[in-house]
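# A look at the structure
So the chains spell out like this:
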Amino acid sequence: KIIYASPSNKQLLGYTPEELQGIIGFDLVAPEDKKMTIHTLSQLILKPGNVVTVEYRLIRKDKKIIWVEATGTNLLLDPSVNAVVVNFHDITEKKVAEEKLIADKLQDEAMLASIGDGIIATDNEGKITLINQAACNLLGWKKKELLNKIFVNIIPMEDEHGKIVAASDRPLTK
């Protein structure tokens, strides 16, 4: 049960501190996150002084769901507190951005997988950051053997006479 809630909860959750006092904190957790949240925070009870951090969704008074990052501290053996203290802050924007990034990445990967031509992308240091299956098939390598490797060190270049061009002399390096 919540025995104290700071005034900042009004802005974050829409509840006054008085409205939160006496309710079970887990009742504010979104149903899909309740089991994980209860499990994570229950581990906190087992070790006095222990601290855990967990991300989950809370349901505001207006029924809007927000993401929070909560840090729970077991202060049950501290006579002046005698409670588990949970501090949390809103990370909804961060989670929405992460989800969009993942969705965009999956879409990009699906598009690249469907292209018949070999595609290799590198960062500004020449490290392979992305390679599609067609490129792997053409080169005879597995994706995991190429990712994060320096392109010019992995894939040789020959001059017009069939002689290997030194990595330092390749146009890509220059």
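Below you will find a few notes about this structure. (Residues numbered from 1 in each chain as written. Predicted model: local features only at pLDDT ≥ 70, side-chain atom pairs only at ≥ 80, totals over all residues. Heavy atoms only, no water.)

What follows covers the environment of Glu98. Of note, Glu98 is situated in helix α4 (residues 92–114). Sequence spacing of Glu98 and Pro156 is 58 residues, and the spatial spacing of their C-alpha atoms is 37 Å. (Helix = DSSP H or I, 4+ residues; strand = E, 2+ residues; numbered from the N terminus.)

Looking now at helix α3 (residues 31–45). Given a rise of 1.5 Å per residue, 15 residues ought to cover 21 Å, and the 22 Å separating the end C-alpha atoms of α3 matches this to within 8%. Taken as a whole, α3 carries its principal kink of about 25° at Thr37. Residues Asp33, Thr37, Thr40, Leu41 and Leu44 constitute the buried set of α3. (Expected span 1.5 Å × (residues − 1). Bend = angle between axes of the 7 residues up to and from the residue. Buried < 20%, exposed > 50% of the residue type's maximum accessible area, 1.4 Å probe, protein only.)

This paragraph deals with the side chain of Asn74. Take Asn74: it is sitting in strand β2 (residues 65–75). Engagement of the side chain of Asn74 in a polar contact is seen with the backbone oxygen of Ile45, the distance being 3.3 Å. Of note is the side chain of Asn74, whose polar atom sits 3.2 Å from the backbone oxygen of Lys47. Those residues within four positions of Asn74 in sequence are excluded, and the remaining contacts are Leu44, Ile45, Lys47, Pro48, Gly49, Asn50, Ala83 and Val84. (Polar contact = N/O pair within 3.5 Å; in protein donor to acceptor, adjacent residues only side chain to side chain. Contact = heavy atoms within 4.5 Å.)

With that settled, consider unusual backbone geometry. Within the chain, Lys63 stands out as a residue other than glycine whose phi angle is a positive 75°. Residue placement: Lys63 occurs in the loop between β1 (51–59) and β2. Note on Lys63: relative accessible area 62%, which makes it exposed. Of note, the phi angle at Asn148 is positive, near 70°, even though the residue is not glycine. Positionally, Asn148 belongs in the loop between α6 (143–146) and α7 (151–154).

This paragraph deals with the sheet that holds strand β3 (residues 83–90). Sheet architecture is open: 3 strands sit in the order β1-β2-β3, paired in antiparallel fashion. What marks the edges here is a single partner per strand, and that holds for β1 and β3. On average, each strand axis in the sheet is inclined to that of its neighbour by 30°, with strand direction left out of account. Pairing analysis gives 9 bridges linking β1 to β2, with the strands arranged antiparallel. Note that in β2 the partner of Val54 across the bridge is Ala70. (Pairing = 2+ DSSP bridges. Axes fitted to C-alpha atoms, helices over the stretch in contact; angles between N-to-C directions.)

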